[in-house]
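This is what each chain is made of:
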Amino acid sequence: LYTQAKGIPYPCVLVIYRRNNGSSLCCIQARWMNGLRESAADLANEVMVQKIIEDKTGCRLIKQQTTDPMDYIAVRDLECSTKTVSLVEMRARSCPHTQYNELFFGRHKFIQLNQVAFALWIPVIFYVTFTDGIRWIDLTKVIRPEITYGNRGNPVSKRATDNEPVVLLPIKLMREL
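Definitions and limits used
Residues numbered from 1 in each chain as written. Predicted model: local features only at pLDDT ≥ 70, side-chain atom pairs only at ≥ 80, totals over all residues. Heavy atoms only, no water. Helix = DSSP H or I, 4+ residues; strand = E, 2+ residues; numbered from the N terminus. Buried < 20%, exposed > 50% of the residue type's maximum accessible area, 1.4 Å probe, protein only. Contact = heavy atoms within 4.5 Å. Pairing = 2+ DSSP bridges.

**Q** Explain the side chain of Asn114 residue by residue, including any values.
**A** Structurally, Asn114 can be placed in helix H2 (residues 107–120). Asn114 sits in the buried class, given a relative accessible area of 19%. Filtering out sequence-adjacent residues up to four positions away, Asn114 remains in contact with Val124, Leu139 and Thr140.

Structural data, given as structure tokens:
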């Protein structure tokens with residue numbers, strides 16, 4: 001599916017979420033297919049962090065497709081089935097967690113993740129790797145976050161779409177893993 005916004009084509013994905021009670025939720029998710037900025041080093045770091053999270057939480061993380069709003073789903077293997085326990089989003093920062101008071105998180109993605117979590121009745125756990133450890137927060141518990149505008153701050157690869165509304169997440173609310 002493609003939509004048009006100010007003359008720019010946005011690739012979209014039609015997603016149908018099925019709830020445990022049999023009802024379904026249908027939504028269209030806009031996604032920049034060519035806007036993904038994961039390098040080989042980023043992916044290698046993500047796999048290392050994935051293993052740490054799995055060891056600490058006892059959950060298995062399953063990587064999702066690039067068209068999904070979440071990076072992973074966390075599952076627990078039960079005796080005769082597998083239960084999805086949360087959606088997982090990961091980021092890495094090249095600074096200690098004390099350097100800044102807040103993290104930027106894209107408002108659109110924040111809303112998407114919370115909609116999926118609501119439909120599935122599970123939390124969204126946001127893990128951030130800082131130079132001094134891994135911290136996390138449940139995004140479904142963030143009430144009335146402050147919203148501002150942010151950008152990538154890179155004048156070389158600047159695009160009109162780089163200036164977007166962001167949710168400010170206070171780092172002091174994040175727990176250490």
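Here the narrative resumes, following the displayed structure.
**Q** Summarise the pairing of strand E8 (residues 124–130); cite the residues concerned and give the values.
**A** Counting buried positions over the seven residues of E8 gives seven, a clear majority of the element. Side chains of E8 alternate between two faces, with Val124, Phe126, Val128 and Phe130 and Ile125, Tyr127 and Thr129 buried alike. In this structure, E8 lies alongside strand E9 (residues 133–138), joined through six bridges in antiparallel fashion. Bridge assignment links Ile125 to a residue of E9, and that residue is Asp138. Connecting the antiparallel pair E8 and E9 is a turn made up of two residues.

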